[in-house]
Amino acid sequence: MTSMPEGALTGLKVLDFTHYVAGPYCTKLLADYGADVIKVERLPDGDGSRRMGPYPGDEPHPEKSAQFLHLNTNKRGIVVDLKRREAAGIVDRLALWADIVVESYRPGVADRLGIGYERLSGINPAIIYTSISNFGQTGPYRDYHGSEIVFYGMGGEMHSTGLADREPLKLGGNVGLYQAGAVAAVATMGAALAGSFWPGADADEAIGQHIDVSILETQLGSVDRRQSALLAYQYTGELSHRPASGGSGGYPNAVYPCSDGYLQINGSRMYFPRAVAMLGNPPELSTDRWKDPSSQGNAEMQEEFEAEHFLPWILERTKAEAWSAAQENRVLSGPINTMADLDVDPSFNARGVFAEGDHPMAGKMRYPGRPFIMNGSPWRLRRTAPLLGQHTVEVLHELGFSDTEIGGFRNAGAILDNIEGD
């Protein structure tokens, strides 16, 4: 009986020319499930996310960026100056080694650096080549710069988030960039599967292709309300708007303050009797005026309910106590967790969501672990993020370069190697 590989993607070889968030998240997903990912960083400072916090102890250090450490687990790292002619020979051998190439440069830059699809596919016709860029490799916006807030705004649904009487607001964090990285990983694996199993292919044959991922376009089709909003617009020709305070959404149906934080409560409309039971069934809320379904759209009654009954009740309780009461009465709810709350959450810890890693510079840390469980080929933190140039010599040796040749690359300034890391 053939045994299953340790990782689902064990044996897959990935050449990673990405930086910051979207591209590294794509290759992280591949690396975390067993692919051998070689991350190629630039001289002299490497991936720009090394200079982005947060940092342990709030002390900036290029080897201690939490963003870099998270996005580059299970990868090997080398540093090559792609602008030097000596680097061409290294790139050629890397292209022959790789099954997949992922890059996140602006359109045209990869070609100028000698790592574009046309050149690398000429060396290795079976290569799967994924390009992740702001607006795609073609079109009128292809050369524009972008950012998380730009993609969120142009992606369609920022107009509906924020306060009703204020300008639109973006959701926190780099949600869109992570979404783009996840889409790119799925597309890359789909192309790898198609290339390996196309009809009529021999066992040792594979075909490659170029995948063009536009970060903006991944936002148009994301699950963060955009897709459903676009579908609704196609049918109705109308845009959804941010609801006004006290609108027709019913109550209690919002994030409410507790004595030590916040709790999301959804106990409106048909579930309002459950919310009343959660409050102890006060007689003032048992009259016909509260039972009338139209009361859920009455802003004055909402204000009365929240000010005289709900807020006094919830402000006297911790979010754990309020959540427990909500659960007992089958009121849809959930605490607004802080990072400290997540760190000790019994469900996350019981299911092994977090992983321990000991980085040579950042030290022992807990990392967000697997995004899903595969019982036959589970996720594992095999290595922490690489030091700058940590595996340069190791990888060049694997590619067949001699110590003399590696010394020549070093003397020419074409590579950077971290002797301590090796």
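Above: the structure in question.
Residues numbered from 1 in each chain as written. Predicted model: local features only at pLDDT ≥ 70, side-chain atom pairs only at ≥ 80, totals over all residues. Heavy atoms only, no water.

Visitor: What's the story with the sheet that holds strand β9 (residues 332-335) in this structure? I'm lost.
Guide: Hydrogen bonds along the backbone pair up the strands of a sheet, which may run parallel or antiparallel. Strand order in the open sheet formed by three strands is β7-β8-β9, with antiparallel pairing between adjacent strands. In this open sheet, the two edge strands, each paired with only one partner strand, are β7 (253-257) and β9. Adjacent strand axes in the sheet meet at a mean angle of 20° when their direction is disregarded. Relative to strand β8 (residues 262-266), β7 runs antiparallel, the two being bridged by five bridges. Residue pairing in the sheet places Ala254 in a bridge with Ile265 of β8. On the sheet, helix α12 (residues 299-315) packs against β7 and β8 and is oriented at approximately 55° with respect to β7. (Pairing = 2+ DSSP bridges. Helix = DSSP H or I, 4+ residues; strand = E, 2+ residues; numbered from the N terminus. Axes fitted to C-alpha atoms, helices over the stretch in contact; angles between N-to-C directions. Contact = heavy atoms within 4.5 Å.)

Visitor: How should a nonpolar patch on the surface be read in this particular structure?
Guide: A cluster of nonpolar side chains, namely Tyr141, Tyr144 and Met154, defines an oily patch on the protein surface of about 320 Å² accessible area. Relative to the assigned elements, Tyr144 resides in the loop between β5 (128-133) and α6 (148-154). (Patch = residues over 30% accessible without salt bridge, like charges linked within 9 Å, V, L, I, M, F, W, Y side chains within 5 Å. Areas by Shrake-Rupley, 256 points an atom, 1.4 Å probe, with all protein chains shown as cover. Salt bridge = Lys/Arg side-chain N within 4 Å of Asp/Glu carboxyl O.)

Visitor: When you look at α12 in this model, what are you seeing that I'm missing?
Guide: An α-helical turn contains 3.6 residues, so a residue and the one three or four places further along point in the same direction. Along α12, the sharpest kink reaches roughly 45°, centred on Glu306. Where α12 is concerned, the buried positions are Met301, Gln302, Phe305, Glu306, His309, Phe310, Trp313 and Ile314. Residues of α12 that are buried sit in contact with β7, β8, α10 (272-278), α11 (288-291) and α13 (319-328). Capping the start of α12, Asn298 holds a side-chain oxygen 2.9 Å from the backbone nitrogen of Glu300, two or three residues further along. (Bend = angle between axes of the 7 residues up to and from the residue. Buried < 20%, exposed > 50% of the residue type's maximum accessible area, 1.4 Å probe, protein only. Polar contact = N/O pair within 3.5 Å; in protein donor to acceptor, adjacent residues only side chain to side chain.)

Visitor: What is the right way to look at the pairing of strand β10 (residues 354-359) in this model?
Guide: Remark: a regular strand shows side chains that alternate across the two faces of the sheet. Of the two faces of β10, only the one carrying Ala355, Gly357 and His359 is buried; Phe354, Glu356 and Asp358 on the other face are not. As judged from the six bridges shared by β10 and strand β11 (residues 363-368), these two strands associate in the antiparallel manner. Directly across from Glu356, in β11, lies its bridge partner Arg366. Connecting β10 to the antiparallel partner β11 that follows it, the hairpin turn spans three residues.

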